[in-house]
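Survey of secondary and tertiary structure
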Amino acid sequence: MAAVQGHGEPVASSRPNGDFSRFRSKLFSIRASDGENFKTEVNLVFDQLISENYLNQTAITREDVCSLLVQACRLVQLNQEHLVSKLCQLIHHLLNRLQVTVDEQSLELLLSYCIRALQQCNSWTHVEILQAVAALVYGNGPRCQKFLPDLLGKNGILLQLSAPTELDVDLRRAAVYCMANLCLGVPGQAYLEEQYKIISLQTFLNVLRNPKTSEVDDVTVCKLLQNALKGIHSILNAGRINLTQADQLGALLAALKTYMFYGFPGVNIEVPAVLYPAPLPQYEGSSPTKDKVGGATNTSKQAGQHKKKKSRFKIKKEQSEGQKEESHNDTTQPELLLQPENEKQRGGSATFNLLKGPKNYTDRLIPVLDGKDASDSFYPTWKKINSSDSEYSDTEGGIQSKLRSLQGKVRQGALACFLSTIKSIEKKVLYGYWSSFIADAPGIGSPQAVSLITIALKDPSPKVRAGSLQVLSAILEGSKHFLSVAEDTNDHRRAFTPFSATLASSIRELHRCLLLALVAESSPQTLTQIIKCLANLVTNVPYNRLKPGLVTRVWNQIKPYTCFRDVNVRVCSLTLLGAILSVQAPLCELQLLLQQPSSSGFSNSGSGTPLRLSDSESWRKHQPVGTREKEKDSLGSSLLELCWLIQLCISIITLPKQEPYSDSETGTASNSYEASPVRVEALQVLALLVKGYFTMAQASLMELGEVACKCLEEQDPSIQLHGARLVEEIGSGIVQQHKPDSPTPHYQRVPVTQVVTFWSRMLNGPLPAALQNDEHSTLQTSTCDAISSILPEAFSSLPNEKQILCITLLLGLNHSEHPLVKAAAVRALGVYILFPSLRQDVMFVADTANAILTCLDDKSLNVRTKAAWSLANLTDTLIANMESMGLDFQEELSDVLLLKMLKSATRASHDKDKVKSNAVRALGNLLHFLQPHHISKAQFKPGIEESIQALIRTVQSETTMKVRWNACYALGNMFKNPAIPLGLQILTCLVTEPLLALLCHLRAWKVHRDPRPCKSGMTGE
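Residues numbered from 1 in each chain as written. Predicted model: local features only at pLDDT ≥ 70, side-chain atom pairs only at ≥ 80, totals over all residues. Heavy atoms only, no water.

Comments concerning the overall build of the protein chain
- When its secondary structure is counted, the protein chain shows 49 helices and two strands.
- Every one of the 1021 residues in the protein chain was classed for burial, and the buried ones make up 57%.
- Of the contacts formed within the protein chain by residues at least 6 apart in sequence, a portion of 75% connects residues at least 24 apart. (Helix = DSSP H or I, 4+ residues; strand = E, 2+ residues; numbered from the N terminus. Buried < 20%, exposed > 50% of the residue type's maximum accessible area, 1.4 Å probe, protein only. Contact = heavy atoms within 4.5 Å.)

Details of helix α37 (residues 819-832)
- Between its first and last C-alpha, α37 extends 20 Å over 14 residues, near the 20 Å set by a 1.5 Å rise per residue.
- For α37, every residue scored as buried is listed here: V821, K822, A823, A824, A825, V826, A828, L829, G830, V831 and Y832.
- Looking at the buried side of α37, the elements it contacts are α34 (777-787), α35 (792-797), α36 (800-813), α38 (836-839), α39 (842-856) and α40 (861-885). (Expected span 1.5 Å × (residues − 1).)

Describing the confidence of the model for the protein chain
- Considering every residue of the protein chain, the mean pLDDT works out to 79; 75% of them sit at 70 or more.
- Scored below 50 in pLDDT, residues 603-640 makes 83 contacts in the model with residues more than four places away or belonging to other chains.
- Note that residues 666-670 has pLDDT below 50 and, in this model, three contacts with residues that lie over four places away or in other chains. (pLDDT = per-residue confidence, 0-100.)

Brief notes about the side chain of D103
- Tracing the backbone through its elements, the reader meets D103 in the loop between α4 (81-97) and α5 (104-120).
- For D103, which is buried and forms no salt bridge, the nearest opposite charge comes from R62, at a distance of 4.8 Å.
- From its side chain, D103 meets the backbone nitrogen of Q105 in a polar contact 3.3 Å long. (Lys, Arg positive; Asp, Glu negative; His and termini not counted. Salt bridge = Lys/Arg side-chain N within 4 Å of Asp/Glu carboxyl O. Polar contact = N/O pair within 3.5 Å; in protein donor to acceptor, adjacent residues only side chain to side chain.)

Side note on the packing of α5 against helix α6 (residues 126-137)
- Where α5 contacts α6, the two axes come as close as 10 Å, and the packing angle between them is 155°. Put simply, α5 runs roughly antiparallel to α6. Crossing of α5 against α6: the hand is left-handed. For the pair α5 and α6, the contacting residues are L107, L110, L111, C114, A117 and L118 in the first and H126, I129, L130, A132, V133, L136 and V137 in the second.
- Tallied by class, the residues present in the contact of α5 with α6 amount to 12 nonpolar, one polar and no charged. (Axes fitted to C-alpha atoms, helices over the stretch in contact; angles between N-to-C directions. Parallel < 35°, antiparallel > 145°, perpendicular 65-115°, else oblique. Left-handed = near helix turned anticlockwise from the far one by under 90°. Nonpolar A, V, L, I, M, F, W, Y, C, P; charged D, E, K, R; others polar.)

With respect to helix α11 (residues 218-237)
- Taking 1.5 Å of rise per residue, the 20 residues of α11 would be expected to cover 28 Å, and the 28 Å separating its terminal C-alpha atoms lies within 8% of that figure.
- Counting buried positions along α11 yields 19 of 20 residues, so the element is predominantly enclosed.
- The N-cap of α11, judged by a side-chain oxygen 3.2 Å from the amide nitrogen of V219 a few residues on, is D217.
- Count one or two residues on from α11 and you reach G239, which has phi positive near 135°.

Considerations on the environment of A517
- Inspection of the secondary structure puts A517 in helix α22 (residues 499-520).
- Under the relative-accessibility criterion, A517 is labelled buried at 2%.
- When the C-alpha atoms of A517 and A456 are compared, they prove to be 6.9 Å apart, with 61 residues separating the residues in sequence.
- Beyond its immediate chain neighbours, meaning those up to four positions away, A517 contacts A456, L457 and I530.

So, unusual backbone geometry
- The residue Q99 is not glycine, and still its phi comes out positive at about 55°.
- Tracing the backbone through its elements, the reader meets Q99 in the loop between α4 and α5.
- For Q99, a relative accessible area of 25% puts it in the partly exposed group.

Remarks on the pattern of salt bridges
- Summed over the entire model, instances satisfying the criterion amount to 20 salt bridges.
- For R465, the salt bridge identified is with E521, shortest N-O distance 2.8 Å. Of this pair, R465 sits in helix α20 (residues 462-476) while E521 sits in the loop between α22 and α23 (524-540), placing them 56 residues apart in sequence. A single burial state applies to R465 and to E521, both of which are buried.
- The shortest N-O distance in the salt bridge between D911 and R864 comes to 2.7 Å. Of this pair, D911 sits in the loop between α42 (895-908) and α43 (913-929) while R864 is found in helix α40, placing the two residues 47 residues apart along the sequence.
- The class of R864 is buried, set by a relative accessible area of 13%.

Comments concerning the layout of surface pockets
- Estimated volume of the second largest pocket: approximately 930 Å³.
- Only α25 (567-582), α28 (676-692), α29 (694-697), α31 (717-737), α35 and α37 provide two or more residues apiece to the lining of the second largest pocket.
- Looking at which element gives the most residues to the lining of the second largest pocket, the answer is α31, with seven residues. (1 Å grid on protein atoms, 1.4 Å probe; cavity = no way out; pocket = protein on both sides within 12 Å on 5 of 7 lines; lining within 4 Å. Points joined across faces, edges and corners; volume = space filled by probe spheres on them.)

Examining the environment of A486
- As for its placement among the helices and strands, A486 is situated in the loop between α21 (480-483) and α22.
- Classification of A486 as buried rests on a relative accessible area of 0%.
- Here the alpha-carbon distance between A486 and R545, two residues 59 residues apart in the chain, equals 7.0 Å.
- Here A486 is in contact with S500, L503, A504, I507, P542, R545 and L546, once residues within four sequence places are set aside.

Concerning the packing of α40 against α43
- It is the contact of α40 with α43, at a shortest axis distance of 8 Å, that shows an interaxial angle of 20°. Put simply, α40 runs roughly parallel to α43. In this structure, α40 meets α43 at a crossing whose hand is left-handed.

Comments concerning the nonpolar core
- Within the largest apolar cluster, 301 residues are counted, with the highest numbers of intra-cluster contacts made by L645 and Y832.
- In this view, Y832 contacts I787, S788, I790, F795, C806, I807, L810, L838 and F844; residues no more than four positions away in its chain are not counted. (Core = buried A, V, L, I, M, F, W, Y, C linked by side-chain atoms within 4.5 Å.)

Some remarks on the packing of aromatic side chains
- Applying the stated rule across the entire model yields 14 aromatic pairs.
- Aromatic ring contacts, followed pair by pair, group Y431, W434, F482 and F499 into a single cluster.
- In this arrangement the basic side chain of K257 is found over the ring face of F437, its NZ or CZ atom lying 5.7 Å from the centre.
- Above the face of the Y673 ring, R679 is positioned so that its terminal group lies 5.1 Å from the ring centre. (Phe/Tyr/Trp six-rings, centres within 6.5 Å; stacked < 30°, edge-to-face > 60°. Lys NZ or Arg CZ within 6 Å of the ring centre and 35° of its normal.)

With respect to the environment of Q584
- Among the structural elements, Q584 can be located in the loop between α25 and α26 (588-594).
- Assessed through its relative accessible area of 31%, Q584 is described here as partly exposed.
- Separated by 43 residues in the primary sequence, Q584 and V541 have C-alpha atoms spaced 9.6 Å apart.
- Residues contacting Q584, with those up to four places away along its chain left out, are V541, P542, Y543 and N544.
- Polar side-chain contacts of Q584 include one of 3.3 Å to the backbone oxygen of V541.

Side note on the state of the cysteines
- Per the stated rule, a full pass over the model turns up zero disulfides.
- This cysteine, C144, is not joined by any disulfide, and C178 carries the nearest cysteine sulfur, 9.0 Å off. (Disulfide = S-S within 2.5 Å.)

As structure tokens, then:
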């Protein structure tokens, strides 16, 4: 705040542009008095400041605003109530218009002034005073701690004015709005104490339970409800709140469910006051008489009969026009946002009951008329203020449109609060209320229970539909353990329906309704949410326990959307396909779908699924690749022989579009390829297909290799990265297929000659350049992982210069400054050390050992973990070479290097468990490898004793089971060495006693099932 000199003259500071500076200077020149001239002059300055246009005056600083408001408070006495009211209007106007958060010193003075005004001034001024308080505390909640007893204490002003006994609903609404702003959390700062959070939450719930009296109009009630929901949203977003009091969570969920359907056309429910965790939904009554429903039911029926006479085309056109009008400004934001208090809207003669729609309410799609002009575009969503009621017509129809818009915002606010509630409580608690929000399939002759899916299917507002889908996605996210009990593979012919069957029925109903919503939706933003919700559902459902067919329906209906006009819909469609490919792979049902010919890739094979892609919607229809004018020669007509999904992804990644950008895309005309997010998602789908269904993708091995090479040659880092990951998945799939225990018959495996051709193409292409790209460490990491997936048989068949190239690059990257690159390089060396063609090369073993030991002392835990794993692999190689090559290899290996490995492994055994588990494994191998001439040397004896003590301490420690198991195994390996002096009584006692204690007292299933490591340690077998 600017300092004040003399009688209030401001210190010279940066002068803002426009008339604000002149009015501010004039205010500082006025001397306080109680005369009429003083009141007239101050009132005139206040009016000029309120009427000033601040859009183009960006030089007005926070210090200027704070000093002006403080000076105004010093001039206006509390007995001058007209000026007090005008001053509070000025505070509210300036802070909102200029988006200013007052500093702490000014806040203390201004807030103290407003609280005293509330206590001393007449009630007619209280609404304006509360608006000023709301503007002052917004974003300043942590700085208002000293005022909380006056505002939220036992006899706090806000509690009194927000109580149901307050007859002035405008005053009650302003108090609730002020409390909601006070509850808004500020990241990184202290928040309200728990007692004030509970008090505020209870106040907001009381408002939701008793929103109106008979004399209050519905528009005002909607604004009151919005403020209460905004407050609940702020409390829940500030962090976990303790909802352990009796029925508190159930009461909150019941209130939110009620207002999720507030003003919903055609829905009239009575939700219990409290929801309880139950496997079956609680009874939700409906009004039995027409009188209770009022004119809404009759009007809805008439509107429904009238609509039936219209053609399908007209209905579709009305829906599209209505939804476009609403979604023009609202649906561009990805998150569900609460709309602000509209302080100046008044009036409205329509009657509305909490559980009923307004009079003359039709169930047609109604556009939400809440768009703002360009002059308000610089406001954050939470502080946008409608200019007046003039945007709505004064006719009955205009009032009804305004009311429907506000009711939609109430439903949207309730859904936003529900979403925050889901994030604030544990999932195991949330799933107790599953049946209250996710409906089961309706019984024969019974109506469909209202649920989140009802909103997604029938709400007239695209934003509300999208909000319900966001909530449903949040519920489904992480629900795999809960849904794993679902089962309907057997017919349940029992006197009762088991919970597993009920849950399976609910899952089937979710699939059915979401696919219906997918077909019926026309808003691209809501379509995106539907597909995301389907992806979350698919990820968590145990399809192997359900009757087949669900995956097929989702698969067939999502195909057309991979060519949808909106880029976000295309990305989400590919994400859903990737989620399907990740489900319990390999899934027999999905294998059949992947075997469909490419000609049926975009056909409508799902029953009851219309083909949504009209000429105006499908800007890039799928065409046979051979007919494209700019087709790449490297891909050629071979794409026509591929699986339709592989063909689609390759065309998205490598082939240019034939149509210009859609209205939802950005970029320049020179970039003729698909948008980068779509191409990245297509690469991820290919990687998932290769990972889960390699036998289906191996026929396209060389084509996929060409795609990866093309991606690695591009400039976009994200495309390069996912190209490298595709190479890694292909390499891993080949390695898994060639393992001795692979279920794939030998004649169906990829021939080694083809694998050599594939890797020759990679190493002759952009892969080495990507490994040396120091500007993109993530790309280097993925490329290291890729070349570590080379099949050992193929590596030995590569040209000698290519083998040397791979080894040289990995040894060089082992000294990288990036921990991720270093970890990937040392891991790759740990893979290469197991190759038969390299493990017998003493020079390579020595170089690799030195590189690993260097990384074992790195400060990064991830690097040390990978280095310990590689060291254990290297010691496995020493044992294998000892058994195959005998003394020749042992004599060639340097004693100094061997001792260095022993000491490094001993130090690593004291590290974190991730490092320790492989360090003890390496110690066992090294003690097994030592020869009599090593043990007899004086420099080896301390190292051997320390390593044995380290193994014994690990066995006796309270570390994880894996580490102790590896330590037992290491002791067994040690005693396999005949050179170890077993006859020494001290050594035998030191080792035998902890092993016997471990065998007798440890309850680990692995030891009891297979105690051979412990037995070998005790008997020397």
